[in-house]
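Remarks on the overall topology
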Amino acid sequence: MAEQLIRLTGVGKSYRKGREVVRVLDGISLEINKGDFVGLMGPSGSGKTTLLNLLGGLDKPTEGVVEVDGRAISALSPGALAKWRSGNIGFVFQFYNLLPVLTAARNVALPLLLTSLPASRRKQHVNTALRLVGLAERASHYPRELSGGQEQRVAIARAIVSDPPILLCDEPTGDLDRATADEIMALLQQLNRDYGKTIVMVTHDPRAASFAHRVLHLDKGELGAAPEATR
Amino acid sequence: MNRFTLVWRNLWRKPIRTVFTMLAVLVVFFLFTVLEGLRGALTLSDISDESQERLLTSHKLSLVMLLPVAYQSRIARLSGVEAVSHASWFAGRYQDNPEFAQYPVVAEEYLALNPEIRLSDAHRQAWLENRGGAIVGRPVATQYGWQVGDRVPIRSSIWTRANGSNVWEFEIEGIFDDIDGGVNAGVMLLHYDYFDEARAFSNGTVGWYVSKGDGSLPLEDLMAAIDAEFENSPTETKTNTEAAFAKEYAQQFGNIGLIVTLILTAVVFMILLVTGHTMAQSVRERIHEMGVLKTLGFTSGSIFRLTVLEGLLLVLPVGILAMALGWGGLAFLSGALGALFPAGLGIGTRSVLMGLALMLAISLGSVLPPVIRALRLDIIALLRTA
């Protein structure tokens, strides 16, 4: 039986916009197992990214509980949450979010600055991560010297360099052409299959979603009734 | 890659902007150091203890008016006076250089009253034995390239010799150091007897008296006693400490301290605005990246420290270099204009500390407001920032 990693119970999220309260998520209950690859789809404004942010501890629910590996992360302080994120979550963004002043290798090394690893070990980890995403020879290149696909690979290397169990991807192929998007999806699939990473991916692209084990549909802040297994 | 690399790379994100900001910092702290040095020299802020204990008695109306030489014995007789001597204003210049201070004095008395004047025994003896001899402070000797044994012509704008010439020739018998860098450092001392005999008029008069109390009376009482001695005489006196007199003299150029302080304040304020704007812009450009760093697990505290370190790196090394260059500039000016600034040009510990405090104020004042504003935002808001 698959081991449960993430559990959301009655999670809701509201924002105050002036006098108006905007309900973004409503009563979300969800379980994700270790090694799962979950796609989150839905129209714009349906709350996909908000849900991803709650899973990653970037935001806190207005109500309900978010548990990861049995720990209620929604109750953690900002400092404890930052520490928890650095050890448990790898983020992949649509627009890569690499620091332009750092080379690919230094961008990948960023999360390791939060560890107590010595410089030599950090370098080993960076080389391994870059090799894994097929960009070892581009280590000294700056983001502006890389293509969109290569930038996303660097972002994925950064997400996995500290070996977190969970990868949260927010439209990782949204800014890429079809062929490059397929390469990125194949890479995520490899990380899921060969390295056991649990992946939750927000996407608009049905083709990208087809790489997931199961796809959840969000609409107006509520989860759709029938998750659809596609692969 | 370590955290310093991250700070360093961010500092050079826009190299031209960084270089120009550093140049602005360089200019302001160079100016700060030079102006502080000038202000210190012109306001005699580091005046020696001896100067604060020695009394100077001049004509009540003006220093340029003369006093009878007979006053010396009357002052010496007063209760509470340990020693008294006199000096006069020679008002001479060497070649076409600006006027500098030469005092005809009674050598042994004057040296006894001014222990901060350090002169070798050989030079002292040579001077005492040569009525036409003179000794000079090292800044003067350095500026004019004088050596012991040189005969130097000094043209007085007041005193003509009995033969009608206003050019006086003196033989340099010694070069002295003023260990306190005080009021005597840039002075040339001549023999009063020789001067008084040779001058064409006003013989038997002196410029002012220098005296020292024996400690039995408070200085204020002693000053009052000296002036009371000559009250209602044709030449009444005004007595003050030498330090107060020197400051009064410096202030004839206007309130230099205030002028320099105003210039400094304006310059520093302008640079603070420029640097502050640059740093604030640099931080604003990186708000999104702060969101990325927080997403990766960096805390607000660590991002704050990284940004503050960047601000310090932008200002402190260049500021310290600028102060060192300013110090060099003051040393150069000291050599070139030693006679104008007899106490030498330099800055004291207080000014160095004030400079460092200004550097901290500029770097922290420009970094803290934008970074604190940015870090008050939550991660989602930071990431949404373009």
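Residues numbered from 1 in each chain as written. Chains lettered and ligands numbered in written order. Predicted model: local features only at pLDDT ≥ 70, side-chain atom pairs only at ≥ 80, totals over all residues.

**What about the overall build of chain B?**
- Helix and strand content of chain B: 15 helices and 13 strands.
- Considering chain B as a whole, with its 386 residues, one finds that 39% of them fall into the buried category.
- Long-range pairs, those at least 24 residues apart, make up 83% of the contacts in chain B with a sequence separation of at least 6. (Helix = DSSP H or I, 4+ residues; strand = E, 2+ residues; numbered from the N terminus. Buried ≥ 20, exposed ≤ 12 C-beta atoms within 10 Å, placed from the backbone. Contact = placed C-beta atoms within 7 Å.)

**Observations regarding the nonpolar core**
- Among the nonpolar cores identified, the biggest contains 108 residues, and L40(A), V108(A), L130(A), A157(A), L168(A) and V200(A) are the most heavily contacted of them.
- Considering every element that reaches this core, the biggest residue donor is helix 2 (residues 15–43) of chain B, with 8 residues.
- The residues touching A157(A), leaving out its near neighbours within four places in the chain, are V108(A), A129(A), L130(A), L132(A), V133(A) and L135(A).
- Of all hydrophobic cores here, the second largest spans 43 residues; its members include A107(B), W127(B), A141(B) and L190(B). (Core = buried A, V, L, I, M, F, W, Y, C linked by C-beta atoms within 7 Å.)

**Some details on unusual backbone geometry**
Residue and element names in this part refer to chain A.
- Even without a glycine there, the phi angle at N97 is positive, about 55°.
- Positionally, N97 belongs in the loop between strand 6 (89–92) and helix 3 (104–109).
- Given 22 C-beta atoms within a 10 Å radius, N97 is considered buried.
- Positive phi is not limited to glycine here, since E171 has a value of about 50°.
- Along the chain, the position of E171 falls in the loop between strand 7 (166–170) and helix 6 (178–195).
- Taking the C-beta count within 10 Å as the criterion, E171 has 21 such neighbours and is therefore assigned buried.

**Structural notes on the pairing of strand 4 (residues 63–68) of chain A**
Residues and elements named next belong to chain A.
- Here strand 1 (residues 4–17) runs beside strand 4; their pairing, made up of 5 bridges, is antiparallel. Across the sheet, the residue bridging to G12 is E63, located in strand 4.
- Pairing analysis gives 2 bridges linking strand 4 to strand 5 (residues 71–72), with the strands arranged antiparallel. Bridge pairing in strand 5 places V68 opposite R71. (Pairing = 2+ DSSP bridges.)

**Re the sheet that holds strand 5 of chain A**
- The 4 strands are arranged 2-1-4-5 (chain A) in an open sheet whose pairing can be described as antiparallel. Edge strands, defined here as strands with exactly one partner in the open sheet, are strand 2 (20–33) and strand 5 of chain A.

**A closer look at the domain arrangement of chain B**
- The domain boundaries assigned to chain B delineate domain 1 (3–45 + 254–384) and domain 2 (66–234).
- The straight-line distance from the C-alpha centre of domain 1 of chain B to that of domain 2 of chain B is 47 Å. (Domains from an automatic or database assignment.)

**Things to note about the interface of chain A and chain B**
- Facing 20 residues of chain A, the contacting portion of chain B comprises 17 residues.
- The set of elements that each furnish at least two residues to the side of chain A that touches chain B consists of helix 2 (78–88) and helix 3 of chain A.
- Ranked by residues supplied to the side of chain A that touches chain B, first place goes to helix 2 of chain A with 5 residues.
- The residue inventory of the side of chain A that touches chain B, partitioned by class, reads 12 nonpolar, 4 polar and 4 charged. (Nonpolar A, V, L, I, M, F, W, Y, C, P; charged D, E, K, R; others polar.)

**Some points on the environment of M290(B)**
All names here are of chain B.
- Topologically, M290 is positioned in helix 12 (residues 287–296).
- Among the residues examined, M290 registers 24 C-beta atoms within 10 Å and is labelled buried.
- Sequence separation between M290 and A374 is 84 residues; the distance between their C-alpha atoms is 8.2 Å.
- Beyond its immediate stretch of four places on either side in the chain, M290 contacts I303, A374 and L382.

**As for the packing of helix 5 (residues 148–160) of chain A against helix 6 of chain A**
Residues and elements named next belong to chain A.
- Two numbers describe how helix 5 lies on helix 6: the axes approach to 10 Å, and their chain directions differ by 15°. Comparing their axes, helix 6 and helix 5 come out roughly parallel. Like other packed secondary-structure pairs, helix 5 and helix 6 cross with a definite hand, here right-handed. Residues G148, G149, Q152, R153, I156 and I160 of helix 5 form the contact with helix 6, whose own contacting residues are T180, E183, I184, L187 and L191.
- Of the residues assigned to the contact of helix 5 with helix 6, the class counts are 5 nonpolar, 4 polar and 2 charged. (Axes fitted to C-alpha atoms, helices over the stretch in contact; angles between N-to-C directions. Parallel < 35°, antiparallel > 145°, perpendicular 65-115°, else oblique. Left-handed = near helix turned anticlockwise from the far one by under 90°.)

**What to know about the pairing of strand 5 (residues 102–105) of chain B**
Residue and element names in this part refer to chain B.
- By the alternation rule, side chains of strand 5 split into Q102 and P104 and Y103 and V105, which are all buried.
- Taken together, the 4 bridges between strand 5 and strand 10 (residues 188–191) define a ladder with parallel strand orientation. Counterpart to V105 in the pairing with strand 10 is H191.

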